[in-house]
Amino acid sequence: MDSQACQFEITPSSGVPIYRQIVDQVLAMVAGGQLAAGDFLPSVRQVARAADVNPMTVSKAYGLLEAEGVVARMRGQGMCVTAAANTGPLAERKQQVQELLLPAIHRARLLGLSDKQLRAVFDVLLKDHSP
């Protein structure tokens, strides 16, 4: 994947720290196959500029990904995705998604949404973000 094509969706008001949003999205892209071994992430400056965030925030995210073995620093080239073995089994990936959805379901309940209304919201989001 071209590093230019790798875009992050940053939501400052989500309550999730921006560096964590970047880490989570890279992990999801690797697990989902959108990023493969040998692909380069966009530079810290590119991400910071595009997302209008502090470069240190992006650097922190990349450092955590490097510490987890998801990416490796290639001198003069940037951060390269390591072997796709980091994707994990399907059950583990489903567990990660469940952990993300549980707070959203709780919030939906607090907002008074029924199961049917919540499914409708989810269906729209799935449709809008289909490959």
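As a reminder, the structure under discussion sits directly above these lines.
Below or above, wherever it landed, is the structure these notes cover. Model, not experiment: these values are computed from the prediction.

Topic: the nonpolar core
Now for step 1: By size, the foremost hydrophobic cluster in this structure holds 20 residues, and its most contacted members are Phe-8, Ile-22, Val-26, Leu-41, Tyr-62 and Leu-65.
Now for step 2: Breaking this core down by element, the ones donating at least two residues are helix 1 (18-32), helix 2 (44-51), helix 3 (55-67) and strand 2 (78-81).
Now for step 3: For this core, the element with the highest residue contribution is helix 1, accounting for five residues.
Now for step 4: Every residue in contact with Val-26, bar those within four places of it in the chain, is listed here: Phe-8, Leu-35, Leu-41, Leu-65 and Val-70.

Quick look at the pattern of salt bridges
Now for step 1: Under the definition given, this model contains three salt bridges.
Now for step 2: The salt bridge involving Arg-109 is made with Asp-115; its shortest N-O contact spans 2.6 Å.
Now for step 3: Look at Arg-109 and you get partly exposed, because its relative accessible area is 42%.

Comments concerning the side chain of Gln-21
Now for step 1: Positionally, Gln-21 belongs in helix 1.
Now for step 2: Note on Gln-21: relative accessible area 8%, which makes it buried.
Now for step 3: Discounting residues that sit within four places of it in the chain, Gln-21 has contacts with Glu-9, Ile-10, Thr-11, Ser-14 and Val-16.

Conventions adopted
Residues numbered from 1 in each chain as written. Predicted model: local features only at pLDDT ≥ 70, side-chain atom pairs only at ≥ 80, totals over all residues. Heavy atoms only, no water. Core = buried A, V, L, I, M, F, W, Y, C linked by side-chain atoms within 4.5 Å. Buried < 20%, exposed > 50% of the residue type's maximum accessible area, 1.4 Å probe, protein only. Helix = DSSP H or I, 4+ residues; strand = E, 2+ residues; numbered from the N terminus. Contact = heavy atoms within 4.5 Å. Salt bridge = Lys/Arg side-chain N within 4 Å of Asp/Glu carboxyl O.

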